[in-house]
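Here is what each chain is made of, one letter per residue.
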Amino acid sequence: MPSPIDPIAEAAAAPFLTASESEVARVLQICNACRYCEGYCAVFPAMTRHLDFDKAEIHHLANLCHNCGACLHACQYAPPHDFGVNVPRAMAEVRVATYRDYAWPPAFGRLYARAGLTVALALAGGLALFLLLVLAIGGGFTHEGGDGNFYAVFPHDFLASFFGVIFLAAVFALAMGVGRFWRRVSPRVGAEADDRSAIARVRGPAVVEAVSDVATLRHLGGGHGEGCNEEDDRFTPARRYFHHLTAYGFLLCLASTSVATLYHYLLGLEAPYAWTSLPVILGTLGGIGLVIGPAGLLWLNLRRDPAQGDPAQRPMDRGFIALLLAVSLTGLALLVLRETRAMPVWLALHLGAVTALFLTMPYGKFAHGFFRAAALLKHTIEKRLPNRLDLGGD
């Protein structure tokens with residue numbers, strides 16, 4: 001019996017271009033002839049390695065684009081010119097399609113089409129689940145202990161098992177999706193033996209550069225270091241700074257949980273931990289970063305020129321930002337109120353928001369950082385290989 005064909009996976013593998021991909025190919029042909037924006041970001045030097053653009057290369061370049069907006073405001077062929085070149089919008093439309101097409105399991109890629117609704121339903125479901133569990137397991141919405149002991153509401157083994165399973169499932173699904181993307185765009189695909197040997201030689205320094213670019217968000221500097229464009233042609237580093245606060249805030253919260261896990265299992269030190277303990281310090285700093293960063297990104301998103309990027313993706317962007325704010329604000333409130341009678345309610349609200357974040361991680365805006373990292377790795381590998389077309393410098 002033949003296996004069922006998934007239309008989304010089939011679309012990603014099809015040799016013909018979609019309308020959005022054809023638009024990217026069209027504008028890149030114009031950009032390749034002009035090359036005024038060659039110094040703005042990684043997209044333009046990568047573009048000069050091609051005379052035409054197939055599906056895999058379009059997917060790569062779309063994820064290499066950081067939507068900084070510099071090329072749109074500098075372009076002499078941008079609307080209202082008859083050529084109508086809008087690189088950020090064309091790239092954004094293809095980029096979100098790649099998240100959908102490479103998602104795993106493939107059927108779940110459809111969630112990107114209703115990303116805002118998906119986040120809302122996941123958040124509502126997570127909150128309802130833990131509010132009901134407070135009643136069923138914790139015994140009510142108040143706690144008289146005054147000791148800040150979360151495990152008096154939910155047993156430690158239950159929380160560790162529940163969140164361990166959904167977090168690992170989310171990481172696995174995200175890794176599978178990015179892996180599918182990498183297998184399609186990898187510079188080794190279709191390479192001859194000599195090229196594969198050259199790729200192997202440059203892989204080490206290429207990985208180091210790609211990690212550095214991701215960690216510093218170098219390409220949100222607009223190529224000149226002055227930052228992105230938002231509501232007009234003025235450059236600002238604000239989006240880069242707010243992204244840093246968001247990303248490193250999330251990593252600090254993850255580090256806080258990891259340290260607390262080591263405390264519990266290796267040192268036998270059980271929560272609640274003192275305000276001066278490492279888990280609390282890391283979690284507090286991370287939570288503050290996850291408030292300031294997403295709040296700033298939401299502010300920029302609301303002010304951004306609608307011509308920059310794809311307006312249809314605003315619900316996905318804002319839904320993800322709202323979810324991060326829900327996680328951080330409830331977490332900080334829980335920390336402040338953990339020794340009060342209201343602790344079970346805030347614990348349920350926080351855990352519900354975290355549940356929604358984990359469930360939507362592979363099928364929402366969270367995925368963009370990992371697809372972009374893979375695209376940067378391909379770029380840092382290819383820039384170290386000979387450019388046989390010799391149309392421009394890397």
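Residue numbering note: each chain is counted from 1, following its sequence as written. In view of the model being predicted, local features appear only for residues whose pLDDT reaches at least 70, and side-chain atom pairs are presented and counted only at 80 or more, with totals across whole chains, interfaces and linings using the full set of residues. The basis for every side-chain value is the complete set of non-hydrogen atoms in the structure, without hydrogens or water.

So, on to the overall build of the protein. Only DSSP runs of H or I with at least four residues qualify as helices, and only runs of E with at least two residues qualify as strands; both kinds are numbered from the N terminus onward. Scanning the protein from terminus to terminus reveals 14 helices and two strands. Atoms counted for the radius of gyration: C-alpha only. Globule rule: 2.2 Å times the number of residues to the power 0.38. In summary, the protein has a C-alpha radius of gyration of 23 Å against a globular reference of 21 Å for 394 residues, a match within 12%. For the protein, the residues scored as buried account for 49% of the 394 residues in total. For this analysis, residues touch if any pair of their heavy atoms sits within 4.5 Å. Long-range contacts, defined here as pairs at least 24 residues apart, represent 76% of the contacts in the protein between residues at least 6 apart. Per-residue and other accessible areas were derived by the Shrake-Rupley procedure at a 1.4 Å probe size, with only the shown protein chains allowed to occlude residues. Surface exposure of the protein reaches about 18200 Å², of which carbon and sulfur atoms provide 66%. When accessible area is computed with a 1.4 Å probe and restricted to protein chains, residues below 20% of their type maximum are described as buried, those above 50% as exposed, and intermediate ones as partly exposed.

The subject of this paragraph is the packing of helix 2 (residues 19-34) against helix 6 (residues 87-102). Closest axis-to-axis distance for the helix 2/helix 6 pair is 9 Å, and the angle between their directions is 145 degrees. In the packing of helix 2 onto helix 6, the handedness of the crossing is left-handed. Note on element contacts: helix 6 touches helix 2 through Val87, Ala90, Met91, Glu93 and Val94, opposite Ser20, Glu21, Glu23, Val24, Val27, Leu28 and Cys31. In terms of residue class, the contact of helix 2 with helix 6 is made up of eight nonpolar, one polar and three charged. Lines are fitted to the C-alpha atoms to define the axes, a helix being fitted only along its stretch in contact, and any angle between axes, read from their N-to-C directions, falls within 0 to 180 degrees. Here a crossing is taken to be left-handed if its near helix is turned anticlockwise relative to the far helix by less than a right angle, and right-handed if that turn runs clockwise. In the scheme used here, Gly and all other residues not listed as nonpolar or charged are polar, with Ala, Val, Leu, Ile, Met, Phe, Trp, Tyr, Cys and Pro taken as nonpolar and Asp, Glu, Lys and Arg as charged.

What follows covers unusual backbone geometry. Here Pro79 and Pro80 are connected by a cis peptide whose omega angle stands at 15 degrees. Counting through the fold element by element, Pro80 comes out in the loop between helix 5 (70-74) and helix 6. Not every positive phi belongs to a glycine, and Leu217 is a case in point at roughly 55 degrees.

Further remarks concern the environment of Leu72. Within the secondary structure layout, Leu72 lies in helix 5. Classification of Leu72 by relative accessible area gives buried; the value is 10%. Considering only alpha carbons, one finds Leu72 and Val85, 13 residues apart in sequence, at a separation of 7.9 Å.

Okay, the environment of Pro386 next. Locating Pro386 in the fold gives a position in the segment after helix 14 (368-382). Sequence separation between Pro386 and Arg49 is 337 residues; the distance between their C-alpha atoms is 9.5 Å.

Next up on the list: the confidence of the model for the protein. Confidence of the prediction at every residue is given by pLDDT, a number between 0 and 100. The share of residues in the protein with pLDDT of 70 or more is 92%, and the mean pLDDT across the chain is 87. Mean pLDDT values for the elements of the protein range from 49 in helix 1 (residues 7-13) up to 96 in helix 11 (residues 278-303). Counting contacts from residues 1-9, a segment whose pLDDT is below 50, to residues more than four positions away or on other chains yields 13 contacts.

It is the contact of helix 8 (residues 156-185) with helix 13 (residues 343-360), at a shortest axis distance of 9 Å, that shows an interaxial angle of 25 degrees. Taken together, the axis directions place helix 8 and helix 13 in an arrangement best described as roughly parallel. Two secondary-structure elements touch here, helix 8 through Leu159, Phe162, Phe163, Ile166, Phe167 and Ala170 and helix 13 through Leu351, Val354, Thr355 and Phe358. Angles below 35 degrees are treated as roughly parallel, those above 145 as roughly antiparallel, those between 65 and 115 as roughly perpendicular, and all remaining angles as oblique.

Counting residues in hydrophobic clusters, the biggest one holds 45 residues, and the most contacted among them are Phe130, Phe154, Phe163 and Leu357. Listed by contribution, the elements that provide at least two residues to this core are helix 6, helix 7 (115-138), helix 8, helix 12 (314-337), helix 13 and helix 14. Once you skip the residues sitting within four places of it in the chain, Phe130 turns out to touch Phe154, Phe158, Leu159, Phe162, Phe163, Ala348, Leu351, Gly352 and Thr355. For this analysis, a nonpolar core means a set of buried residues of the types Ala, Val, Leu, Ile, Met, Phe, Trp, Tyr and Cys, connected via side-chain atoms within 4.5 Å. Grouped together as the second largest cluster of nonpolar side chains are 33 residues, Leu28, Ala70, Cys71 and Leu220 included.

In this section: the packing of aromatic side chains. Stacked, edge-to-face and tilted are the three classes for Phe, Tyr and Trp ring pairs, Trp counted by its six-membered ring, which pair at centre distances within 6.5 Å; planes under 30 degrees apart are stacked, over 60 edge-to-face, the rest tilted. Counted by the stated rule, this structure contains 15 aromatic pairs. Centroid distance Tyr77 to Phe83: 5.1 Å. Interplanar angle 40 degrees. Geometry classified as tilted. Ring pairs connect the aromatic residues Phe154, Phe158, Phe162, Phe163, Phe167 and Phe358, which therefore count as one cluster.

Right, let's talk about the side chain of Asn229 for a bit. For Asn229, the position within the fold is in strand 1 (residues 228-229). Residue class for Asn229 comes out buried when judged on its relative accessible area of 1%. Polar contacts, as counted here, are pairs of nitrogen or oxygen atoms within 3.5 Å of one another; within protein the pair requires one atom able to donate a hydrogen and one able to accept it, and residues that are adjacent in sequence qualify only if both atoms are side-chain atoms. Among the polar contacts listed, one links the side chain of Asn229 to the backbone oxygen of Asp233, at a separation of 3.1 Å. Those residues in contact with Asn229 that sit more than four places away from it in its chain are Cys68, Gly69, Ala70, His73, Arg234, Phe235, Arg239 and Gln308.

The next thing to look at is the pattern of salt bridges. What counts as a salt bridge is simple: a side-chain nitrogen of Lys or Arg found within 4 Å of a carboxyl oxygen of Asp or Glu. Enumeration according to the criterion identifies 15 salt bridges in this entry. The salt bridge involving Lys378 is made with Glu57; its shortest N-O contact spans 3.7 Å. With Lys378 in helix 14 and Glu57 in helix 4 (residues 55-64), this pair connects stretches of sequence that are 321 residues apart. Comparing Lys378 with Glu57, the two get one shared label, buried. Taking the shortest distance from any N to any O, the salt bridge between Asp213 and Arg218 comes out at 2.9 Å. For Arg218, a relative accessible area of 39% puts it in the partly exposed group.

Residues forming no salt bridge and having over 30% relative accessible area are the ones grouped into patches, like charges within 9 Å of each other and nonpolar side chains (Val, Leu, Ile, Met, Phe, Trp, Tyr) within 5 Å. Together, Leu262, Tyr265, Leu266, Leu267 and Leu269 make up an exposed nonpolar region whose accessible area comes to about 550 Å². By secondary structure assignment, the location of Leu266 is in the loop between helix 10 (238-265) and helix 11.

Position of Asp305 among the secondary structure elements: in the loop between helix 11 and helix 12. As used throughout, the charge tally considers Lys and Arg to be positive and Asp and Glu to be negative, leaving His and the chain termini uncounted. Of the buried charged residues, Asp305 lacks a salt bridge, with Arg89 as the closest side chain of opposite charge at 6.7 Å. When sequence neighbours within four positions are dropped, the list of residues in contact with Asp305 reads His73, Glu230, Glu231 and Arg314.

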